[in-house]
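Spelled out from the first residue to the last, the chains are:
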Amino acid sequence: MSLPRLNKFPQDHLSDEQITSLEESAKRARVTALTMVSAAKSGHPGGAFSSMEMFMTVYGVADLTPANCNDKKRDYVVVSHGHTSAGVYAALSEWGFIDRDDVMSHFRNCGSIFQGHVEREIPGIDWGTGNLGQGLSAGAGFALAQRAIGHKGRVYVLMGDGGQTKGQLAEARRTAVKENLTGLVALIDWNDIQLSGMRKEIMPCNIKALWEADGWEAIEVDGHSFSALYDALKAAGTHGKPTVLMCKTVMGKYGGIMEGVATYHGKPPAVEDYNAIVEGLGESPDTLTKALERRKTPPVSKGRTIDYPPAPSLDTGTPFNYEGKKVSDNRGAFGKALADVGKLNYKAEGKTPILVFDCDLHPSVMTGAFSKNCPDWYVQSGIQEHNVATMSGTASIAGVVSLWAEFGVFGIDEVYNQQRLNDINRAGNKTVLTHVGLDVGEDGKTHQCIDYVGLMRNMFGWKLVVPVDPNQTDRATRWMLKTPGDICMAVGRSKVDGLKEFAGDYEFKYGEAVKLRSGTEGSIFALGYMAQLAVQAAETHNLSVNVYAVSSPLAPDMKALKEAASCGPILTVEDHNINTGMGAIMLLEAVRNGIALPKVKTIGVDHYGASGTSDAVRAEMGISPDGIAEEFKNLKR
């Protein structure tokens, strides 16, 4: 019996014949899921079984098919409890997204696309998850992007009940109501069992009351009834609110010995129990034997290629020029360029929407002018950094340019896990970190973001830009907005000089170190604004030294480094942790590229800073112009 076509709710209610077809398919999907975890000898069968009707129904009714799953204008599905991947993959195999035999044989098999938690390489998976509590934020990001591109689709978010106590989930609930995301539908697998036992014993909470308190329409429904799920999903959003379905389920449902037992949350049953469960579901235990035999051969399914969103259609305008002493702070130059690009493209025919996210900081991160120029593209989310880090990531792969401006310690330190998932999912997120390094001196050690280079360095796809002056900041902002991929730009808040080297026809090139001064006795590589201090050190102390301005610390300029290596000792300067920053990266890359270096010293932040003016804090660290000059003189001796 073939599955009925249910995309976009073609009828008011399911027929008896359709229900029978879905129930038979769910039985087969349970066998698929159980065989997967049994062949791999690892996985989460209990939640896969309890969520099965939810998975089958959502993938049935969503405007999401093997044919349109790479399009932007469609429905999106986020599975927040990504550890139930066996159930998700089994449902996808029933709806024709993937091959059943291949997923049964190669689940959690090295080299296979069927990883232990859901990943985007599999058609039908819109966001790679596993870190619980982030799925609703992902769904909200998709919904905001859908609204921005003018598509009235739905976003479905499936999740477990154990993660309902996480704070990010509350952040996302509030945002969905504030932004009136009525097309956002959440489903909770409410089976009351977690990995360690009963939910009420681990961390009790009134799940329904939490959602209702934040303004959602909360509906209780039988999570194992296709007719009840279909009807509830069809009615979702009709009351003018985002809707959550509280799906009452049984852990391990229809799994014999697994039913209602926490042990099977995270491990497969013994072989004899597998046989009994499979026979009870109407298939032969030989299914596992065949899967194990196929597991000896290479996986067949290659999945889809996941790359960064393509370059957007944007008019990035003409850069502004800044000349003079202390003419502007770099964050101000960013804000002015962002507002300019926004105004040029706002609701213009054929141009890509730009969503700018803020966490109650627009006077400090300089997104206020953009919010006035482009009010419908501005998302004020309040003090909810974890939620915004995820929303901006998912929005970036759904048809918009997505940018989040935030203090450094909040935009990377606090949300490292969320930014890591943006990297894993190959998003196109643009994160602008302000108040980095020691430039926020007065706020003290808690707010001095001295580790952002190292944190970005830990990931594999992020680009990082640390501009030298307002001119380079302006040009880097325009470059960032039109360039695919996850890009972080880090800027300070103090007014700095506008340099001629980055004005006029200068074009920002990622990975290029710009020589600001030439000399014969050695070289200084300085990160961002520190290059201006290095020039001051050379001029006031009459040093014959090359000064290279580094604005791409994750991509050292090997040509410049080779040039410097032939010209005497090298000093690296940064207001960043010296163990993980620009200097450490340059030395490692020199070794990797076989560059023989002369005497080298790295100076920067070697302890948490005091509270004081940025000049005073840098001086205490030994990275003022006088300190830089003294270090270079010592290096020459």
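See the structure above.
Trainee: When you look at the overall build of the protein chain in this model, what are you seeing that I'm missing?
Mentor: The helix and strand inventory of the protein chain stands at 25 helices and 20 strands. Since a compact globule built from 637 residues should have a radius of gyration of about 26 Å, the 27 Å found for the protein chain is in line with a globular shape. By the burial criterion, 62% of the 637 residues in the protein chain qualify as buried. Counting contacts in the protein chain only where the partners sit at least 6 residues apart, residues at least 24 apart contribute 79% of the total. Just so you have it, the protein chain exposes about 23,500 Å², and 49% of that area is on carbon and sulfur atoms. Counting 65 positive and 74 negative side-chain charges, the protein chain places the averaged centre of each group 3 Å from the other.

Trainee: Any chance you could explain the pairing of strand β14 (residues 487-491) here in plain terms?
Mentor: Within a regular beta strand, the side chains point alternately toward one face of the sheet and then the other, so they alternate between its two faces. Most of β14 is tucked away, with five of its five residues classed as buried. Alternating residues of β14 divide into Ile487, Met489 and Val491 and Cys488 and Ala490, and every residue in both groups is buried. Both strand β12 (residues 430-434) and β14 contribute to a ladder of five bridges, which runs parallel. Bridging from a neighbouring strand, Thr434 pairs with Val491 of β14. In terms of strand pairing, strand β13 (residues 463-465) meets β14 through three bridges, oriented parallel. Directly across from Val465, in β14, lies its bridge partner Met489.

Trainee: Looking at this structure, I do not really get the sheet that holds strand β2 (residues 155-160). What am I missing?
Mentor: To summarise the sheet geometry, strands pair through backbone hydrogen bonds and adopt either a parallel or an antiparallel arrangement. Spatially, β1-β2-β3-β7-β6 is the arrangement adopted by the five strands of the open sheet, whose pairing is parallel. Because the sheet does not close on itself, it has two edges, and the strands there are β1 (76-79) and β6 (217-222). Shown here is a sheet whose adjacent strand axes are inclined to one another by a mean of 20°, direction ignored. Pairing geometry for strand β3 (residues 184-190) and strand β7 (residues 243-248), over six bridges, is parallel.

Trainee: For this particular structure, what's the right way to read the pattern of salt bridges?
Mentor: Side-chain pairs of opposite charge can arise where the charged atoms are in close proximity. Under the counting rule described, the total for this entry stands at 28 salt bridges. The closest approach of N and O atoms between Arg478 and Asp340, which form a salt bridge, is 2.9 Å. A residue pair is termed long-range when its members are at least 10 positions apart, and Arg478 in helix α20 (residues 470-482) and Asp340 in helix α13 (residues 330-345) qualify at 138 residues. The exposure class of Arg478 is buried, given its relative accessible area of 3%. One salt bridge in this structure joins Lys601 and Glu631, with 2.8 Å as the shortest N-O distance. A residue pair is termed long-range when its members are at least 10 positions apart, and Lys601 in strand β20 (residues 600-605) and Glu631 in helix α25 (residues 625-636) qualify at 30 residues.

Trainee: Before we go on, may I ask you to explain the nonpolar core in this structure?
Mentor: When a protein is soluble and globular, its nonpolar side chains tend to lie buried together. Of all hydrophobic cores here, the largest spans 102 residues; its most connected members are Leu136, Leu184, Trp211, Phe357, Leu403 and Val573. The contact partners of Val573, leaving out residues within four places of it in the chain, are Ile524, Phe525, Ala526, Leu527, Met530, Met582, Ile603, Ile623 and Ile628. Counting 67 residues, the second-largest nonpolar core is a separate cluster that includes Tyr59, Val77, Ala86 and Tyr264.

Trainee: How should the sheet that holds β14 be read in this particular structure?
Mentor: Strand order in this open sheet of six strands is β10-β9-β11-β12-β14-β13, and the pairing throughout is parallel. Each edge of the open sheet is held by one strand with a lone partner, namely β10 (378-380) and β13. Averaged over all pairs of adjacent strands, the angle between strand axes in this sheet comes to 20°, irrespective of strand direction.

Trainee: Even after reading the chapter, I still don't get the side chain of Asn429, so can you show me in this structure?
Mentor: Looking at the secondary structure, you find Asn429 in the loop between α18 (416-424) and β12. Residues in contact with Asn429, not counting those within four places in the same chain, are Ala389, Ser392, Gly393, Ser396, Ser402, Gln419, Asn422, Trp462, Gly485, Asp486 and Ile487.

Trainee: Looking at this structure, how should I read the environment of Glu512?
Mentor: Turning to its location among the elements, Glu512 is positioned in the loop between β15 (495-498) and β16 (514-517). Separated by 34 residues in the primary sequence, Glu512 and Asn546 place their C-alpha atoms 15 Å from one another.

Trainee: Mind showing me how you'd approach unusual backbone geometry here?
Mentor: Across residues other than glycine, the phi torsion is negative in most instances, and most of the peptide bonds are trans. In this model, Asp360 sits at a positive phi of 60°, which is unusual for a non-glycine residue. Among the structural elements, Asp360 can be located in the loop between β9 (354-358) and α14 (362-365). Phi is positive for Arg426, close to 50°, though the residue is something other than glycine. Looking at the secondary structure, you find Arg426 in the loop between α18 and β12.

Trainee: What should I look at first to understand helix α16 (residues 385-395) in this one?
Mentor: Residues three or four positions apart in an α-helix share a direction because the helix packs 3.6 residues into each turn. For α16, the tally of buried residues reaches 10 of 11 residues, placing the bulk of the element in the interior. Where α16 is buried, its residues touch α6 (135-148), α7 (167-178), β9, β11 (401-407), α17 (408-413) and α18.

Trainee: Teacher, can you tell me more about the state of the cysteines here?
Mentor: As used in these notes, a disulfide is a covalent bond between sulfur atoms, one from each of two cysteines. A full pass over the atoms with the stated rule returns zero disulfides. Looking at the unpaired Cys247, the closest cysteine sulfur is the one in Cys205, lying at 16 Å. What makes Cys247 buried here is its relative accessible area of 0%.

Trainee: Is there a simple way to explain helix α24 (residues 614-621) in this structure?
Mentor: Residues of α24 that are buried: Ser614, Val617, Arg618 and Met621. Down the axis of α24, the buried side of the element spans an arc of 95°, and every buried residue falls inside it. Considering only its buried residues, α24 is in contact with α21 (530-540) and β20. Gly622 sits one or two positions beyond α24 and adopts a positive phi of about 85°.

Trainee: Would you take a moment to explain the pairing of β9 for this structure?
Mentor: Judged by how many residues are buried, β9 sits mostly within the fold: five of five residues are covered. Burial of β9 is two-sided: the residues Ile354, Val356 and Asp358 facing one way and the residues Leu355 and Phe357 facing the other way are all buried. Pairing geometry for β9 and β11, over four bridges, is parallel. Of the residues in β11, the one forming a bridge with Leu355 is Ser402. Here β9 pairs with β10 via three bridges, running parallel. Counterpart to Asp358 in the pairing with β10 is Gln380.

Trainee: Is there a simple way to think about the packing of α6 against α16 in this case?
Mentor: Two quantities define a packed helix pair, namely the angle between the axes and the distance from one axis to the other. Running from amino to carboxyl end, α6 crosses α16 at an angle of 45°, the nearest separation of the two axes being 7 Å. The angle between α6 and α16 falls in the class oblique. The chirality of how α6 crosses α16 is right-handed. Contacts between α6 and α16 involve Ser137, Ala138, Ala140, Gly141, Phe142, Leu144 and Ala145 from the first element and Asn387, Thr390, Met391, Thr394 and Ala395 from the second.

Rules and cut-offs
Residue positions within a chain follow its written sequence, with the count starting from 1. Only residues with pLDDT of at least 70 get local features here, since the model is predicted, and only at 80 or more are side-chain atom pairs given and counted; chain-wide, interface and lining totals rely on the full set of residues. Excluding hydrogens and water, the side-chain values take into account all heavy atoms of the structure. Only DSSP runs of H or I reaching four residues or more are called helices, and only runs of E reaching two or more are called strands; each is numbered from the N terminus. Note on method: radius of gyration uses C-alpha positions; expected globular size equals 2.2 Å times residues raised to 0.38. Only protein chains enter the accessibility calculation, which uses a 1.4 Å probe. A residue is then buried if its area is under 20% of the maximum for its type, exposed if over 50%, and partly exposed in between. It only takes one pair of heavy atoms within 4.5 Å for two residues to be counted as in contact. Accessible surface area values rest on a Shrake-Rupley calculation with a 1.4 Å probe, where residue burial reflects the displayed protein chains alone. Neither His nor the chain ends is counted toward charge; the positive residues are Lys and Arg and the negative residues Asp and Glu. The atoms used to mark charge sites are NZ of Lys, CZ of Arg, CG of Asp and CD of Glu. DSSP calls a pair of strands paired once it identifies at least 2 bridges connecting them. Between the N-to-C directions of two axes lies an angle of 0 to 180 degrees, each axis being a line fitted to C-alpha atoms and, for a helix, fitted only over the stretch in contact. When a carboxyl oxygen of Asp or Glu is within 4 Å of a side-chain nitrogen of Lys or Arg, the pair counts as a salt bridge. Only buried residues count toward a nonpolar core, which is a set of Ala, Val, Leu, Ile, Met, Phe, Trp, Tyr and Cys residues joined through side-chain atoms within 4.5 Å. Cysteine sulfur pairs qualify as disulfides if the two atoms are within 2.5 Å. Within this analysis, the arc is defined by the directions that extend from the helix axis to the C-beta atoms. Note on angle classes: values under 35 degrees are labelled roughly parallel, values over 145 roughly antiparallel, values of 65 to 115 roughly perpendicular, and the remainder oblique. Left-handed describes a crossing whose near helix is turned anticlockwise from the far helix by less than a right angle; the clockwise case is right-handed.

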